[in-house]
Amino acid sequence: MKKQRLTQHETTVIGVSRFNPFDLLTEEIIFTILDYLNDNPLDKKSFSLVSKSFHTMESKHRRTLKPLRSEHLASVLKRYPDVQKLDLTLCPRVTDHSLSVIWSSCGERLRKIDLSRSKFFTTNGLWNLVMGCKNLVELDLSNGTELRDSAAAAIAEAGSLERLWLGRCKLITDIGIGCIAVGCRKLRLISLKWCLGVGDLGVGLIAVKCKEIRSLDLSYLPITNKCLPAILKLQNLEDLVLEGCFGIDDDSLAALKQGSKSLKTLDMSSCQNVSHVGLSSLTSGTGCLQQLILAYGSPVTHALADSLQRLSKLQSIKLDGCLVTCAGLKAIGSWCESLRELSLSKCYGVTDEGLSCLVTKLKELRKLDITCCRKITDVAIAHITSSCTSLTCLRMESCSLVPREAFVLIGQRCLLLEELDLTDNEVDDEGLKSISRCSKLRSLKLGICLNITDEGLTYVGMKCSKLVELDLYRSAEVTDSGILAIAHGCPVLEMINMSYCKEVADGSLIALSKCSKLNTLECRGCPFITSLGLAAIAVGCKQLSRLDIKKCYNVNDFGMLPLAHFSQNLRQINLSYSSITDVGLLSLSSISCLQSMTILHLKGLTPSGLAAALLACGGLTKVKLHSSFKSLLPLQLFEHLEARGCVFQWREKEVHDELDAKSWKLRSQSMEQ
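Residues numbered from 1 in each chain as written. Predicted model: local features only at pLDDT ≥ 70, side-chain atom pairs only at ≥ 80, totals over all residues. Heavy atoms only, no water.

Draft legend 1. Representation of the pattern of salt bridges in the model. Across all of its chains, the model carries 14 salt bridges by this definition. Between Glu58 and Arg79 there is a salt bridge, with the nearest N and O atoms lying 3.1 Å from each other. With a gap of 21 residues between them, Glu58 in helix 4 (residues 52-61) and Arg79 in helix 5 (residues 73-79) connect regions that are remote in the sequence. Residue Lys330 pairs with Glu353 through a salt bridge whose shortest N-O separation is 2.9 Å. Placement of the pair is Lys330 in helix 15 (residues 326-335) and Glu353 in helix 16 (residues 352-359), with a sequence separation of 23 residues. Given a relative accessible area of 31%, Lys330 falls into the partly exposed group. Connected via shared salt-bridge partners are Glu58, Arg62 and Arg79. (Salt bridge = Lys/Arg side-chain N within 4 Å of Asp/Glu carboxyl O. Helix = DSSP H or I, 4+ residues; strand = E, 2+ residues; numbered from the N terminus. Buried < 20%, exposed > 50% of the residue type's maximum accessible area, 1.4 Å probe, protein only.)

So this is what it looks like as structure tokens:
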């Protein structure tokens, strides 16, 4: 044995064992490996630290970048020279200098950039970006409330542009849109949602000049029928959104000779001046239509349903918030048997009779939303589960007349479910035992379900191993035992809401710390949770990005220190009513990703400690504070932080006694009535 070790040492000395097996891996193989490292943002970082060659390969492989702060753009773009897509939604402050760094570093390689959450740049900066990045095909300038027609003229220089978002650019007018129409002939998608300065002229120019348009969002524009003929002549148009276009009515639509033959999706939500008469005119000849959205519009009557009979390829109808009639639902079932998705969320008038007749015809239905259909009972649920056995998504929040026995039918008949929302219902442990047979479940919402206990959750934990999201908000009978079963049986859990489950304690958090993919933890109003449990989460759940510990009175500074050290992906935190002081808050400044903090009623927080923490947390974009701090901190501090891109939201909330789950539910129901 000694001799063998000596031989190995000798070969090392002469250089034989210095051979690195990783050198045999080609660039193509390494790039394939990196393609699989997308789930955890830390994986690629770990990969790049293996060796210099891996570091170089990871730099060359990266095509998409989402930096946290604009001041780091120069170094980051130097590190990743082949970036093609730049997402700046986490950078609220993007100046002209920032844009100059981008175009000088990326040049013609850059193809996509998202500036939808960014401010502080001007038309000059945008102009330089467009001129320096000639191959841009995708540009998102949504929420650019200060952008004017001069900015639109700059955009028009991007001749290769294919997708453009200008939502809420309220100062851009028809003139600016006309420039874009002339300069960007290759546009395939444009969103003008809430561009209130754009009317028939601008939209008409887009339709005439940009023949390749496939997706057009005109939501809430002051347009009339004048621009519709040109729009419907677009031979490649597939998605048309006319939500909230109040200038369009039956009379204007009746003048149309035919609709668009290529249209696949039509959204006419909140078009309350359009009835079945106008809808018939708009959909005439649209034999390819697959999705129709009529939410918050005219009543769903037999006549409206009849206007759908020519739409043989229709697969999705969304009627959220509409008044529906029994005859209307029956007619939809008769004419639209190929439907795969139906949404009746918050529809008034949905009854057992109408819904039962409808679903018995929809054998291919995959997604059904009956949220707040408060008149249906177990009769409708029986028809749904017997007729629609291929359902993958069922949302039925606040169906208060459905008895607990009906939920057993879901687990017996709808075994393909992946998403189930039973918020504010009478489901109990027997129902959960049956539902646990749906082994493909990824999302289960059981908020305000006062009849479920640990026993029911144990069934879920035993059989639903693919669960990613679990909502137990105000399900008061849940304790550590139930959460332990979930944590043990659902290893890929990413989100859990245990807020106001008042019996939950540190044992739950220690168990959940084994769920390494957990990124969202909401446990507000859990008085038995302490810093010990929070420390376990920080150590075990490195992907944690959102944390709500409001009214966790026993969490103090000792819970913040592990978060500061281990939770480097944390972006949003609510610390209100906890026992955290200046020390704990200041420690969070080491988390470079932290962007949003809610800090209300922290008794141990002083003005000087708050000021120090706000200055030290350089990436903050939103802070909620009690209004009392307004007069306790200097105005210059707020001006400085706002110049960095931070928005302050002030609250006047006073401390209130917490209601138990049943009292809270009764109060909520009385407020709805």
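Draft legend 2. Structural context of the nonpolar core. Ile102, Leu166, Leu446, Leu512 and Leu521 are the most contacted members of the largest nonpolar core, which has 189 residues in total. Residues within four places of Leu521 in sequence aside, it is in contact with Ile496, Met498, Leu509, Leu512, Ile537, Leu544, Arg546, Leu547 and Asp548. Counting residues in hydrophobic clusters, the runner-up holds 6 residues, among them Phe31, Leu34, Phe54 and Met57. (Core = buried A, V, L, I, M, F, W, Y, C linked by side-chain atoms within 4.5 Å. Contact = heavy atoms within 4.5 Å.)

Draft legend 3. Quick peek at empty space enclosed by the protein. On inspection of all chains with the given rule, the structure shows 1 cavity of 30 Å³ or more. Put simply, the largest cavity is a space of about 90 Å³. In terms of lining residues, the largest cavity is bounded by Met268, Cys271, Val274, Ser275, Leu279, Leu294, Gly297, Ser298, Val300, Leu304, Leu319 and Cys322. (1 Å grid on protein atoms, 1.4 Å probe; cavity = no way out; pocket = protein on both sides within 12 Å on 5 of 7 lines; lining within 4 Å. Points joined across faces, edges and corners; volume = space filled by probe spheres on them.)

Draft legend 4. Broad picture of helix 26 (residues 607-616). When helix 26 is considered as a whole, its buried residues turn out to be Gly609, Leu610, Ala611, Ala613 and Leu614. Turning to helix 26, the residues buried within the fold contact helix 25 (582-587), strand 22 (596-599), strand 23 (622-626), helix 27 (635-643) and strand 24 (647-651).

Draft legend 5. Broad picture of the side chain of Asn425. Along the polypeptide, Asn425 turns up in the loop between strand 15 (419-421) and helix 19 (429-435). What makes Asn425 buried here is its relative accessible area of 1%. There is a polar contact of 3.2 Å between the side chain of Asn425 and the backbone oxygen of Leu422. Of the polar contacts made by the side chain of Asn425, one reaches the backbone oxygen of Thr423; its length is 3.2 Å. Sequence-distant contacts of Asn425, that is, excluding residues within four places in its chain, are made with Met396, Glu397, Ser398, Cys399, Ser400, Phe407, Ile448 and Cys449. (Polar contact = N/O pair within 3.5 Å; in protein donor to acceptor, adjacent residues only side chain to side chain.)

Keep in mind these numbers describe shape, not what the thing actually does.
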